[in-house]
Amino acid sequence: MTVPLARLLVTCPDQPGIVAAVTAFLRNHGANITALDQHSTDPVGGTFFLRTEFTTPDLDLAAEALEAAFARVVAAPFAMDWRIDYASRPKRLALMVSKYDHVLLELLWLWRRGELDAEVPLVVSNHDDLRAEVERFGVAYHHVPVTKDTKADAEARTLALFEEAAVDVVVLARYMQILSPAVVDRYPGRILNIHHSFLPAFVGADPYRQAFERGVKVIGATAHYVTADLDEGPIIEQGVARVSHRQSVADLKRLGQSLERDVLARAVRWHLEARVLVYENKTVVFA
């Protein structure tokens, strides 16, 4: 039997009594806390982070009333930045892709198996190559070509598609276009990206060949939030693997793509499960 679940995330100045206030409030309103994690950057003058999961069948208030009461009774006295996510309201996830299919198909496969706490209403691509693959999953595929001259119109069309589908989160599943500030600002802290960890050392075309020619010993992948600064947003997850002179360029690409699939899947899952808090240009991940 699935029990309705909610997740509370809190960021606030550290001081005594925060955990007691949160847990007492939830207990007094009929919640059963099933998980609680916390972290402080410094117990004296630092920033405090908290994530708690609680079951909701026995709450004495509806969601809106519970949140209003929490804001008044707990959040205001402790100057909290907070939110409650409800598992009964799964996030609506938009995937963006170009021609590489490995990350996209991994996410769609996990979603179909029920391993991502989300709905996937659409995929947007600047190429039409992956339409058949996506439509096999029963997901709408929208081809939105992008050129230097049509970029603004293409992004406007993409944002219209997102709005129509009531999208909450955007994942760049190897989407090989740079998003403009107009798109990034529409979904602050809700656009996730994956790239090989060679950046910025090996930029441009064919980074795996560049890495092979330099004789790298480690390759990797990085999942991060998208900000106005290219590939410099808060890092959510990373993965690495050791390589040697015995491995070819094709071996490096194959291993790198495997890392990209796994790293982005973890990052997306953690975001959907409200396990990530952004602080300055870093993240606190309660994984």
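Cut-offs and rules
- Within every chain, residues take consecutive numbers counted from 1 along the sequence as written.
- In keeping with the predicted nature of the model, local features appear solely for residues at pLDDT of at least 70, side-chain atom pairs appear and are counted solely at 80 or more, and the whole-chain, interface and lining totals rest on all residues.
- No hydrogens and no water enter the side-chain calculation; it runs on all heavy atoms of the structure.
- Helical segments are the DSSP runs of H or I of at least four residues, strand segments are the runs of E of at least two, and each set is numbered from the N terminus.
- With the radius of gyration taken over C-alpha atoms, the globule rule is written as 2.2 Å times the number of residues to the power 0.38.
- Here's how the labels work: a residue is buried when its accessible area is under 20% of the maximum for its type, exposed when over 50%, partly exposed in between, all with a 1.4 Å probe on protein chains only.
- Should any heavy atoms of two residues lie within 4.5 Å, those residues are counted as being in contact.
- Here the accessible surface of atoms and residues is derived via Shrake-Rupley with a 1.4 Å probe, and residues count as covered only by protein chains that are part of the display.
- Under this rule, positive means Lys or Arg and negative means Asp or Glu; His and the chain ends count for nothing.
- Charge coordinates come from a single atom per side chain, which is NZ of Lys, CZ of Arg, CG of Asp or CD of Glu.
- Pairs were defined over the aromatic rings of Phe, Tyr and Trp, the Trp ring being its six-membered one, requiring ring centres within 6.5 Å. Orientation was assigned from the angle between planes: stacked under 30 degrees, edge-to-face over 60, tilted for the rest.
- When DSSP locates at least two bridges between a pair of strands, those strands are taken to pair.
- All axes are obtained by fitting lines to C-alpha atoms, using only the stretch in contact for helices, and the reported angles, taken between N-to-C directions, cover 0 to 180 degrees.
- Residues belong to a common nonpolar core when they are buried Ala, Val, Leu, Ile, Met, Phe, Trp, Tyr or Cys residues joined through side-chain atoms within 4.5 Å.
- Roughly parallel means an angle under 35 degrees; roughly antiparallel, over 145; roughly perpendicular, 65 to 115; everything else is oblique.
- Throughout, a crossing is termed right-handed when the near helix is turned clockwise from the far one, and left-handed when it is turned anticlockwise from it by less than a right angle.
- In this classification, the charged set is Asp, Glu, Lys and Arg, the nonpolar set is Ala, Val, Leu, Ile, Met, Phe, Trp, Tyr, Cys and Pro, and all remaining amino acids, among them Gly, are polar.

Asker: Would you mind going over the overall build of the protein chain in detail, with residue names and values included?
Answerer: Assigned secondary structure in the protein chain consists of 8 helices and 13 strands. For the protein chain, the C-alpha radius of gyration of 21 Å lies close to 19 Å, the compact-globule estimate for 287 residues. Summarising its shape, the C-alpha atoms of the protein chain cover approximately 60 × 40 × 40 Å along the three principal directions. Within the span of the protein chain, comprising 287 residues, buried residues form 47% of the whole. In the protein chain, once contacts between residues fewer than 6 apart in sequence are set aside, the share between residues at least 24 apart is 66%. Carbon together with sulfur atoms contributes 51% to the accessible area of the protein chain, which is approximately 14200 Å² in total. Measuring between centres, the 31 positive side-chain charges of the protein chain sit 6 Å from its 37 negative side-chain charges.

Asker: Report on the packing of aromatic side chains, specifying residues and quantitative values.
Answerer: This structure, assessed with the given rule, holds 4 aromatic pairs. Three or more aromatic residues joined by ring pairs form one cluster here, namely Phe 25, Phe 70 and Trp 82.

Asker: Now, about the environment of Asp 149: what can you tell me, with residues and values included?
Answerer: Examined against the element boundaries, Asp 149 turns out to sit in the loop between β7 (140-143) and α5 (151-164). With 87 residues separating them along the chain, Asp 149 and Ala 62 place their C-alpha atoms 50 Å apart.

Asker: Tell me about the sheet that holds strand β2 (residues 32-40), and name the residues and values.
Answerer: Taken in spatial order, the 4 strands of this open sheet run β2-β3-β1-β4, and their pairing is antiparallel. A single partner strand is all that each edge strand has here, and the edge strands are β2 and β4 (81-86). For this sheet, the mean angle separating the axes of adjacent strands, direction not counted, is 10 degrees. As paired elements, strand β1 (residues 5-13) and strand β3 (residues 47-55) share 9 bridges and run antiparallel to each other.

Asker: Could you give me a rundown of the sheet that holds strand β10 (residues 218-225), with the residues and numbers involved?
Answerer: The 7 strands lie next to each other as β7-β6-β5-β8-β9-β10-β11, forming an open sheet whose pairing is mixed. Unpaired on one side and paired on the other, β7 and β11 (235-242) mark the two borders of the sheet. Each strand axis lies, on average, 20 degrees off the axis of its neighbour in the sheet, ignoring direction. Note that strand β5 (residues 91-97) and strand β8 (residues 169-172) share 4 bridges and pair parallel. Among the inter-strand pairings, Leu 93 is bridged to a residue of β8, identified as Val 169. Contacts from helix α3 (residues 102-112) reach β5, β6 (118-125), β8 and β9 (191-196), with the element oriented near 155 degrees to β6. Each of β5, β6, β8, β9, β10 and β11 is contacted by helix α8 (residues 249-272), which is oriented at about 155 degrees to β11, the strand it contacts most.

Asker: Describe the nonpolar core, naming the residues involved and giving the relevant values.
Answerer: Core analysis: the largest hydrophobic core is formed by 43 residues, its most contacted members being Leu 95, Leu 104, Leu 107 and Val 268. Examining the composition of this core, we find that 9 residues originate from one element, α8, more than from any other. If we skip the residues at most four places from it in the chain, Val 268 touches Leu 93, Leu 107, Leu 116, Val 171 and Leu 192. Listed in part, the 22 residues of the second largest apolar core include Cys 12, Val 22, Phe 54 and Ala 63.

Asker: Please give an account of the packing of α3 against α8 that cites residues and values.
Answerer: The contact between α3 and α8 brings their axes to 9 Å, and the two run at 45 degrees. The angle between α3 and α8 falls in the class oblique. With respect to the hand of their crossing, α3 and α8 are arranged in right-handed fashion. Every residue of α8 that contacts α3 at His 102, Val 103, Glu 106, Leu 107 and Leu 110 is listed here: Gln 257, Glu 260, Arg 261, Leu 264, Ala 265, Val 268 and Arg 269. Its residues placed into classes, the contact of α3 with α8 shows 6 nonpolar, 2 polar and 4 charged.

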